[in-house]
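In case you want the letters, here they are:
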Amino acid sequence: MNKDKVLSIRDLSISFQTSAGEVNAIRGVNLDLYQGETLAIVGESGSGKSVTVKAIMGILSGNGKIKSGTIDFTSRKSGEEVKEALLSYSKKEMRRRINGRRIAMVFQDPMTSLNPTMPIGSQIMEGMRYHYKTNKKEAYEKAVKLLDLVGITEPEKRMKSYPHQLSGGMRQRVVIAIALSCDPEILICDEPTTALDVTIQAKILELIKEIQKKTGISVIYITHDLGVVAKVADYVAVMYAGKVVEKGLSEEIFYEPRHPYTWGLLSAMPDLNTDDEVLYTIPGSPFNLLNKTEGDAFAERNRFALNIDYRLEPPMFQITETHYAATWLLHENAPAVSMPEALKERIKRMGEEVDLRGGE
Amino acid sequence: MKRYIVKRICISAATLLVILLILFLMLELMPGSPFNDEKLTQSQVALLNAKYGLDKPVFIRFLNYVKNMLSGDFGVSYTISKNTSITTLLSTRLPISIRIGGQAVLMGTVVGLILGLIAALNHNTILDTLTTVISVLGVSLPSYVFALGLSYTLGYQFKWFPLLYQQQEAVKSSVLPTISLAMFTVATVARFTRTEMLEVLGSDYMLLAESKGLPGWRLILIHGLRNALIPIVTVLAPLVVSLMTGSLVVEKIFSIPGIGSLLVTAIQSNDYNVIVTLAFIYSAMYIGIMLAVDILYGLIDPRIRLAKEDDYEQS
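Values in this document were obtained by computation on a predicted structure and should not be read as measured data. (Residues numbered from 1 in each chain as written. Chains lettered and ligands numbered in written order. Predicted model: local features only at pLDDT ≥ 70, side-chain atom pairs only at ≥ 80, totals over all residues.)

A.B. asks: Mind showing me how you'd approach the overall build of chain A here?
C.D. replies: Per the secondary structure count, chain A includes 11 helices and 12 strands. The C-alpha atoms of chain A give 21 Å as radius of gyration, which agrees with the globular expectation for 360 residues (21 Å, within 12%). Over its C-alpha atoms, taken along the principal directions, chain A stretches across nearly 70 × 50 × 45 Å. Here chain A, with 360 residues, has 43% of them falling under the buried criterion. Restricting to contacts in chain A with at least 6 residues of sequence separation, those with at least 24 account for 65%. (Helix = DSSP H or I, 4+ residues; strand = E, 2+ residues; numbered from the N terminus. Rg over C-alpha atoms; globule rule 2.2 N^0.38 Å. Buried ≥ 20, exposed ≤ 12 C-beta atoms within 10 Å, placed from the backbone. Contact = placed C-beta atoms within 7 Å.)

Dropping the structure here:
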């Protein structure tokens, strides 16, 4: 693959010190983000999606500790490649060199992520004023342009508005404008549409896509909504219990999933053809990361689990050049287990739907 | 906002008038008169009453008093310092009280804010515990305990500050009373600041501000403290008021010639004009502080400011 890597995470492990003991939230994550593309990180609550991106931004909460790994950020903005090891930076250095300026973030809940006592215009200008020492007039003009770009009408009038005067969808647009204010190279969206209603969701997703087309920015999405993933992602990484269990091109994950957990996730997603039958759910509850893992963390909930799953953690098996999955089912000596029939049916339908839509 | 402030000032003035009227009625109902001297004969008392206009009905006296007050005349003292005008009586005492009270308010809020910030930023460390201990002590011990403790240690043992108030060393003498008065405010403000700041620090907008890569001081002061201040300002008003009432005891301990001790003496000797004037001053301060806090509230929180403006636009 000849694409340019922007971000490369290798063997990242993070633990949190809590009153109940040490929580190993991230256990050896490897991920890559390529220039101008979109990576979606999928998984249920507590699978370590948010912790991973917080580590990229250097905004882990105080009790979080990075145990091992590297995060390499390659910048091509100035024309030449500059490689930076983000984990070697102190919090202060991260703030000065990376945060907001090179990597920006859009948060989950726009209702709470804006400062209620500051006009939105100032909140957008703040980053430029600090990072690039832009003068007030230029910053103002750029902020108005950004508000226009994210689809806010009468941007000049809105500059003086306070967050409580805007609707949820508009606030999320403002948050995106803030993120874009310093022309970052990577945009991290932490469940950007979870708190919004469905019609606004679609609009925000389209907006981010459009911006990506215009600016060539690379995007990381964090979500547990597979519908969102299908719409936006080039690459998908499925996380479970602090590990990436399957990753590959979006089509590979949706049409040829290989990990039983991905099967479960896809089966549990309702679609238009879901009849009145009970929706599939993955049995059990997410793995408690306070416990020591022995074997595969998913084994307990996996109806295809092999004996070895309870004793030895599966390595990443390569399926295609881009597609990897961590399950013993892919081992050459494993019994041939294929995905459940119901899911096969559903994937077939999905494919047909896409074909239909594509043909229109 | 301007119209709101004007309206509030008008309401405050009306409130003060009502307070004054109630004071007059209460003094009327109180037994005794300023002229309790056994040597005075019945006719002499009647003469005195006539001289000071005390023989007139209470409402006439009230109207006269308000009229004089508007021209700056608060009347004369009857017993404490015969025939001196209240203005001269207070001219030496009021500045002392205001100075100590003001210093205490300033110290209470500033030190309280700093302690609270330190505790919140060093959450769950020894500094946090230390400030919590100080807060608990400050809240649970009454101001006179601090006053006595301070005058024993810093005043008597170390001789750093005078034990009793001395006119010649006004600044030095005001230190111990200020500290003992301010302790309660320091403690309460510190506790509130800590809780509010912790909540703000954990909020989403702080995370967003941090992800913008802003420098630490800007994060804490502009994004953090301003939001934490909103609830703090609310508790500040009653605290400042309690400083005024607390000053009565502390003034006694350090024998400060302020208005607190004067008020007690005036009540004991039925010196009507002194009581009315001092009660009026206390009420005016109280109402003024409430007004100031309300305006401050609007300045800090745009939601309140804008809501008030909207109210007026609609009406």
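Here the narrative resumes, following the displayed structure.
A.B. asks: I would appreciate a short explanation of the overall build of chain B in the present structure.
C.D. replies: A tally of helices and strands in chain B yields 12 helices and 0 strands. Each helix and strand of chain B, ordered N terminal to C terminal, gives the series α-α-α-α-α-α-α-α-α-α-α-α. Overall size of chain B, expressed as C-alpha extent along the three principal axes, is 85 × 65 × 30 Å. A burial count over chain B gives 33% of its 315 residues as buried.

A.B. asks: I tried to follow helix 6 (residues 143-157) of chain B on my own but got confused; where do I start?
C.D. replies: Residues spaced three or four apart along an α-helix face the same direction, because each turn holds 3.6 residues. End to end, helix 6 of chain B covers 20 Å across 15 residues, agreeing with the expected 21 Å (1.5 Å per residue, within 8%). At Ser151 of chain B, helix 6 of chain B shows its maximal kink, close to 30°. (Expected span 1.5 Å × (residues − 1). Bend = angle between axes of the 7 residues up to and from the residue.)

A.B. asks: Would you mind showing me how to read the interface of chain A and chain B here?
C.D. replies: On the side of chain B, 20 residues touch chain A, which itself brings 25 residues to the contact. Elements with a minimum of two residues in the side of chain A that touches chain B: helix 2 (91-98), strand 6 (103-106) and helix 3 (120-131) of chain A. If one sorts the elements of the side of chain A that touches chain B by residue count, helix 3 of chain A sits on top with 4 residues. The residue inventory of the side of chain A that touches chain B, partitioned by class, reads 11 nonpolar, 9 polar and 5 charged. (Nonpolar A, V, L, I, M, F, W, Y, C, P; charged D, E, K, R; others polar.)

A.B. asks: Quick question: what am I supposed to make of the domain arrangement of chain A here?
C.D. replies: How big an interface is tends to be stated in terms of accessible area lost as the parts join. Examined at the domain level, chain A breaks down into domain 1 (113-183) and domain 2 (259-359). With centres defined by C-alpha atoms, the gap from domain 1 of chain A to domain 2 of chain A works out at 42 Å. (Domains from an automatic or database assignment.)

A.B. asks: I keep staring at the sheet that holds strand 12 (residues 324-325) of chain A and nothing clicks. Help me out?
C.D. replies: Consider a sheet: its strands pair through backbone hydrogen bonds, and that pairing is either parallel or antiparallel. Residues and elements named next belong to chain A. With mixed pairing, the 8 strands of this open sheet are ordered in space as 6-7-8-3-9-10-12-11. In this open sheet, the two strands that pair with only one neighbour each are strand 6 and strand 11 (317-318). Of the pairings in the sheet, the one linking strand 9 (residues 235-240) to strand 10 (residues 243-249) comprises 6 bridges and is antiparallel in character. By the bridge assignment for strand 10, Ala237 is matched with Lys247. In the packing of helix 10 (residues 260-267) onto the sheet, contacts are made with strand 9 and strand 10, and the angle to strand 9 comes to roughly 105°. (Pairing = 2+ DSSP bridges. Axes fitted to C-alpha atoms, helices over the stretch in contact; angles between N-to-C directions.)

A.B. asks: Is there a simple way to explain the sheet that holds strand 5 (residues 82-85) of chain A in this structure?
C.D. replies: All names here are of chain A. With respect to topology, 4 strands assemble into an open sheet ordered 2-1-4-5, the strand pairing being antiparallel. Each of the sheet's edge strands pairs with one partner strand only, and the pair in question is strand 2 (21-34) and strand 5. Recorded for the sheet is a direction-independent mean angle of 10° between the axes of neighbouring strands. As paired elements, strand 1 (residues 5-18) and strand 4 (residues 64-75) share 8 bridges and run antiparallel to each other. Within strand 4, the position partnered with Ser15 by the bridge is Lys65.

A.B. asks: I would appreciate a short explanation of the packing of helix 4 (residues 86-121) of chain B against helix 5 (residues 126-140) of chain B in the present structure.
C.D. replies: Any two packed helices are characterised by the angle at which their axes cross and by the distance between the axes. All names here are of chain B. Contact pair helix 4 / helix 5: the axes reach a minimum separation of 8 Å and the direction vectors enclose 145°. Considering the relative orientation of helix 4 and helix 5, their crossing is left-handed. Facing Leu115, Ile118 and Ala119 of helix 4, the residues of helix 5 in contact are Leu127, Asp128, Thr131, Thr132 and Ile134. By residue class, the composition of the contact of helix 4 with helix 5 is 5 nonpolar, 2 polar and 1 charged. (Left-handed = near helix turned anticlockwise from the far one by under 90°.)

A.B. asks: Looking at this structure, I do not really get the pairing of strand 3 (residues 38-42) of chain A. What am I missing?
C.D. replies: Working note: regular strand, side chains alternate between the two faces of the sheet. All names here are of chain A. Burial runs high along strand 3: 5 of the 5 residues are buried. Two elements, strand 3 and strand 8 (residues 218-223), share 5 bridges in a ladder whose sense is parallel. The residue bridging Leu39 from the neighbouring strand is Ile220, located in strand 8. Bridge count for strand 3 against strand 9 is 4 bridges, and the pairing is parallel.

A.B. asks: Before we go on, may I ask you to explain the environment of Lys243 of chain A in this structure?
C.D. replies: Residue and element names in this part refer to chain A. Examined against the element boundaries, Lys243 turns out to sit in strand 10. With 25 C-beta atoms counted inside 10 Å, the residue Lys243 sits in the buried group. As for Lys243 and Ala297, which are separated by 54 residues in sequence, their C-alpha atoms are 9.2 Å apart.

A.B. asks: Sorry if this is basic, but what is going on with unusual backbone geometry here?
C.D. replies: Trans peptide bonds make up the majority, and among non-glycine residues the majority have a negative phi. Even without a glycine there, the phi angle at Ala241 of chain A is positive, about 50°. Phi is positive for Asn124 of chain B, close to 65°, though the residue is something other than glycine. Structurally, the position occupied by Asn124 of chain B is in the loop between helix 4 and helix 5.

A.B. asks: What is the right way to read the nonpolar core from this model?
C.D. replies: Within soluble globular proteins, side chains that are nonpolar tend to cluster in buried spots. Ranked by internal contacts, the top residues of the largest apolar core, which has 140 residues, are Ile188, Ile220, Tyr221 and Val238 of chain A. Looking at this core element by element, the count peaks at 13 residues for helix 7 (residues 170-201) of chain B. Two domains each provide a minimum of three residues to this core, namely domain 1 (113-183) and domain 2 (259-359) of chain A. Among residues more than four places away in sequence, those in contact with Val238 of chain A are Val42, Gly43, Val244, Val245, Glu246, Lys247, Ile253, His259, Tyr261, Thr262 and Leu265 of chain A. (Core = buried A, V, L, I, M, F, W, Y, C linked by C-beta atoms within 7 Å.)

A.B. asks: In this structure, what is going on with the pairing of strand 4 of chain A? I would like to understand it.
C.D. replies: All names here are of chain A. As defined by bridge partners, strand 4 adjoins strand 5 across 4 bridges and the pair is classed as antiparallel. Bridging across to strand 5, Ser75 finds its partner in Val82. Joining the antiparallel neighbours strand 4 and strand 5 is a turn of 6 residues, in which Gly79 adopts a positive phi near 105°.

A.B. asks: Could you clarify how one ought to interpret the environment of Asp109 of chain A in this entry?
C.D. replies: All names here are of chain A. Note on placement: Asp109 falls in the loop between strand 6 and helix 3. When the 17 C-beta atoms within 10 Å are taken as the criterion, Asp109 is described as partly exposed. When the C-alpha positions of Asp109 and Gln172 are compared, they lie 7.9 Å apart, and in sequence the two are 63 residues distant.

A.B. asks: Would you explain the environment of Ser97 of chain B in this entry?
C.D. replies: All names here are of chain B. As for its position among the elements, Ser97 is in helix 4. Separated by 43 residues in sequence, Ser97 and Ser140 place their C-alpha atoms 24 Å apart. Non-local contacts of Ser97, meaning those with residues more than four positions away in its chain, are made with Ser247, Gly258, Ile259 and Gly260.

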